[in-house]
Amino acid sequence: MMGFYFSRLVEIYPFFLKGLWMTSKIAFISLVTCTLIGVILGIFRSGNNIILKRIVGVYVAFVRGTPFVVQIFIVFFILPDWGIQLDAFSAALLAMAIMGSGFICEIVAGGIDSISKGQWEAAASSGLTLTQQLRLVIMPQAMKVILPPLVGQYVLLIKDTSVISVIGVMELTRVGWVTVVRIPEGLMVFSLVGVLYFSISYPLILLSNYLERKMAVQ
Amino acid sequence: MLVDFNFRIIFEYLPLFLTGLRSTFFISLVSISLALVTGVIACACRISGIKILKYPAIAFIEIIRSTPLLVQIYFLYFGLPTLGLRVPEIQTGIIALMLNSGAYIAEIIRAGITSVDQGQLEAGTASGLNYIQRMRFIILPQALGVTVPPLLGQSIVLVKDSALLSLISVMELTRCGQTMTSERFMPAEAFFTVAFFYMCIYFCLKALADWSQRKLIFREAY
């Protein structure tokens, strides 16, 4: 029986690759958007504008304080109520962007805060504008603090894309879930799904470990 | 929009939410306790020099850390029955959470232990302290400051992760929101209430984590 199911599984293997492609697509798009939004929010969060700081703080508390499933349900079920129609794929991307940017914002803000105030003052007294101060003086130094946890966060975000399966996007976990109904070998099917996730996230984990060691020495 | 947010329906469903909250508490508490045990064992195997223990522990930690929790839950949920084990959903969920958090906790504890310098132990021995005194005055104050805040962070993650158990129909907080949505179709009321309860747990644990960070962190005495 095992052998029979195994050959069935080999037959529908392309289905899994499609799921893997979908997962990679969602992961890639959302990592890029999360990083962009997260960096901007992080700069606000560590900045001097109290109102912006508070607003971003509330946003971050919401994102970090509630499970991602609940956030997906809020985006997917409640936005249509408010007149914003989204298909599952864009709802998934939106939910990922909201969640990921909140976490990345904290990492970026932590990195910027770790730079001493003297650096800002020195940059300002050299006649640099605020953007120049950030771009040329603060960010290059903050990068050392930001990069290792950022890559670690990327791994978490890639793994969180599996939760998107609950709203029916055909990504890797969903493919496993659909397959297990036809091929009732849970261990085999989800081992395959796990191996495919492993192949994406393990290289990133290694990169994160490497960056941590490299940045710690300096 | 939020103008017609219906508070009455929330009050009507409050008992359901409270049972869900209690269930989430129960699942989280049991899982974090079991995860601590798993983590300590996995960490002990990981740092032991015995190859037969070390490599399985490394494999366990790395596999858990590089696959999503949802896949692990489904793996157990669909996989255990094919092995002939009939386990209730809630126990499957707790096992999944235990293994998942256990791997992370193993890494946290390892970081705590390796953060204490070997020379500190030697200095303690040289000062004539016995084992208990060395633990009490030298190792623990330093290791706890590095270990306890991330452990509390992990417990925040675990509480949030327990929401995924709703997908294998364990009756916890998120599942209550889903139940209410399917009965009354009021997703805004249902899921904002659920989010509110999770935020309450989050703020309590966060306050505890911040407090422990302030209290336990080791300040070098110069």
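Above: the structure in question.
Rules behind the numbers
- Residues numbered from 1 in each chain as written.
- Chains lettered and ligands numbered in written order.
- Predicted model: local features only at pLDDT ≥ 70, side-chain atom pairs only at ≥ 80, totals over all residues.
- Heavy atoms only, no water.
- Helix = DSSP H or I, 4+ residues; strand = E, 2+ residues; numbered from the N terminus.
- Contact = heavy atoms within 4.5 Å.
- Areas by Shrake-Rupley, 256 points an atom, 1.4 Å probe, with all protein chains shown as cover.
- Lys, Arg positive; Asp, Glu negative; His and termini not counted.
- Charge placed at Lys NZ, Arg CZ, Asp CG, Glu CD.
- Buried area = accessible area lost by both parts, 1.4 Å probe.
- Salt bridge = Lys/Arg side-chain N within 4 Å of Asp/Glu carboxyl O.
- Nonpolar A, V, L, I, M, F, W, Y, C, P; charged D, E, K, R; others polar.
- Patch = residues over 30% accessible without salt bridge, like charges linked within 9 Å, V, L, I, M, F, W, Y side chains within 5 Å.
- Phe/Tyr/Trp six-rings, centres within 6.5 Å; stacked < 30°, edge-to-face > 60°.
- Core = buried A, V, L, I, M, F, W, Y, C linked by side-chain atoms within 4.5 Å.
- Buried < 20%, exposed > 50% of the residue type's maximum accessible area, 1.4 Å probe, protein only.
- 1 Å grid on protein atoms, 1.4 Å probe; cavity = no way out; pocket = protein on both sides within 12 Å on 5 of 7 lines; lining within 4 Å.
- Points joined across faces, edges and corners; volume = space filled by probe spheres on them.
- Axes fitted to C-alpha atoms, helices over the stretch in contact; angles between N-to-C directions.
- Left-handed = near helix turned anticlockwise from the far one by under 90°.
- Arc of directions from axis to C-beta.
- Parallel < 35°, antiparallel > 145°, perpendicular 65-115°, else oblique.

Here's the deal with the overall build of chain B
1) Next: When helices and strands are tallied, chain B shows nine helices and zero strands.
2) Next: Structurally, chain B occupies a C-alpha span of about 70 × 45 × 25 Å along its principal axes.
3) Next: Sequence separation of 24 or more characterises 75% of the internal contacts of chain B that already satisfy a separation of 6 or more.
4) Next: Carbon and sulfur atoms make up 68% of the accessible area of chain B, which amounts to about 11600 Å² in all.
5) Next: Side chains of chain B give 17 positive and 13 negative charges; the mean places of these two sets differ by 7 Å.

Examining the interface of chain A and chain B
You'll often see interface size given as the accessible area lost when the parts meet.
1) Next: Facing 40 residues of chain A, the contacting portion of chain B comprises 34 residues.
2) Next: Summing both sides of the interface, chain A and chain B together bury roughly 3300 Å²; the carbon and sulfur share of this comes to 78%.
3) Next: Taken together, the connections running from chain A to chain B amount to zero salt bridges.
4) Next: Of all the elements in the fold, those that place two or more residues in the side of chain A that touches chain B are helix H3 (50–65), helix H4 (68–81), helix H7 (130–160), helix H8 (172–182) and helix H9 (186–217) of chain A.
5) Next: Of the residues that constitute the side of chain A that touches chain B, the class distribution is 26 nonpolar, 10 polar and four charged.

Quick word on a nonpolar patch on the surface
1) Next: Where nonpolar side chains cluster on the molecular surface, the patch consists of A:Phe28, A:Ile29, A:Val32, A:Leu36 and A:Ile37 and spans about 450 Å² of accessible area.
2) Next: On the secondary structure map, A:Ile29 appears in helix H2 (residues 13–46).

Focus: the packing of aromatic side chains
To describe a pair of aromatic rings, you give the distance between the ring centres and the angle between the ring planes.
1) Next: A full pass over the atoms with the stated rule returns 12 aromatic pairs over all chains.
2) Next: Residues A:Phe77 and B:Phe191 carry aromatic rings whose centres are separated by 6.2 Å and whose planes lie at 10° to one another, so their mutual orientation is stacked. Remark: B:Phe191 occurs in helix H9 (residues 187–216) and A:Phe77 occurs in helix H4; the pair is interchain, linking two chains.
3) Next: Chaining the aromatic ring pairs together yields one cluster made of A:Phe73, A:Phe76, A:Phe77 and B:Phe191.

Details of the nonpolar core
1) Next: Ranked by size, the top nonpolar core spans 101 residues in total, and within it A:Leu9, A:Phe16, A:Phe68, A:Leu157, A:Ile164 and B:Phe17 carry the most contacts.
2) Next: With residues up to four places along the chain from it excluded, the contact list for A:Leu9 reads A:Phe16, A:Thr179, A:Ile183, A:Met188, A:Val189 and A:Leu192.
3) Next: In terms of nonpolar packing, the next biggest core, distinct from the first, is built from 13 residues, B:Ala35, B:Cys43, B:Ile64 and B:Ile109 among them.

So, the layout of surface pockets
Residue and element names in this part refer to chain A.
1) Next: The volume enclosed by the second largest pocket comes to roughly 480 Å³.
2) Next: Elements with a minimum of two residues in the lining of the second largest pocket: H2, helix H5 (88–113), helix H6 (117–125) and H7.
3) Next: Classifying every residue of the lining of the second largest pocket gives nine nonpolar, seven polar and three charged.

With respect to the packing of H3(A) against H5(A)
Residues and elements named next belong to chain A.
1) Next: Two elements in contact, H3 and H5, have axes whose closest approach is 9 Å; the angle formed by their N-to-C orientations is 115°. H3 and H5 meet at a crossing whose hand is left-handed. Two secondary-structure elements touch here, H3 through Val56, Tyr59, Val60, Val63 and Arg64 and H5 through Ala97, Ile98, Met99, Ser101, Gly102, Phe103, Cys105 and Glu106.
2) Next: In terms of residue class, the contact of H3 with H5 is made up of nine nonpolar, two polar and two charged.

As for H8(A)
Side chains three or four residues apart in an α-helix point the same way, a direct result of the helix having 3.6 residues per turn.
1) Next: For H8(A), the set of buried residues is A:Leu172, A:Thr173, A:Val175, A:Gly176, A:Thr179 and A:Val180. Each buried residue of H8(A) sits inside an arc of 155° when the element is viewed along its axis, so together they form one side.

What about the environment of B:Phe197?
Residue and element names in this part refer to chain B.
1) Next: Looking at the element boundaries, Phe197 is found in helix H9.
2) Next: Take Phe197: its relative accessible area is 11%, and that puts it in the buried class.
3) Next: Along the primary structure Phe197 and Thr174 are separated by 23 residues, whereas in three dimensions their C-alpha atoms are 9.9 Å apart.
4) Next: The contact partners of Phe197, leaving out residues within four places of it in the chain, are Leu14, Phe17, Leu18, Leu21 and Leu173.

Considering the packing of helix H5 (residues 89–115) of chain B against helix H7 (residues 131–161) of chain B
Residue and element names in this part refer to chain B.
1) Next: Where H5 contacts H7, the two axes come as close as 9 Å, and the packing angle between them is 165°. By the criterion of interaxial angle, the relationship of H5 to H7 is roughly antiparallel. Where H5 crosses over H7, the two elements pack in a sense that is right-handed. Contacts between H5 and H7 pair Leu97, Asn100, Ser101, Tyr104, Ile105, Ile108, Ile109, Ala111, Gly112 and Ser115 from the former with Ala143, Val146, Thr147, Pro150, Leu151, Gln154, Leu158 and Asp161 from the latter.
2) Next: Residue classes in the contact of H5 with H7 are distributed as 11 nonpolar, six polar and one charged.

Points about the pattern of salt bridges
All names here are of chain B.
1) Next: Scanning the entire structure with this criterion turns up four salt bridges over all chains.
2) Next: Measuring nitrogen to oxygen at the nearest pair gives 2.7 Å for the salt bridge that ties Glu12 to Arg184. Remark: Arg184 occurs in helix H8 (residues 173–184) and Glu12 occurs in helix H1 (residues 7–12); sequence separation between them is 172 residues.
3) Next: Residue Arg184 is classed as partly exposed on the basis of its relative accessible area of 38%.

Such coordinate-based values are descriptive only and should not be taken to indicate function.
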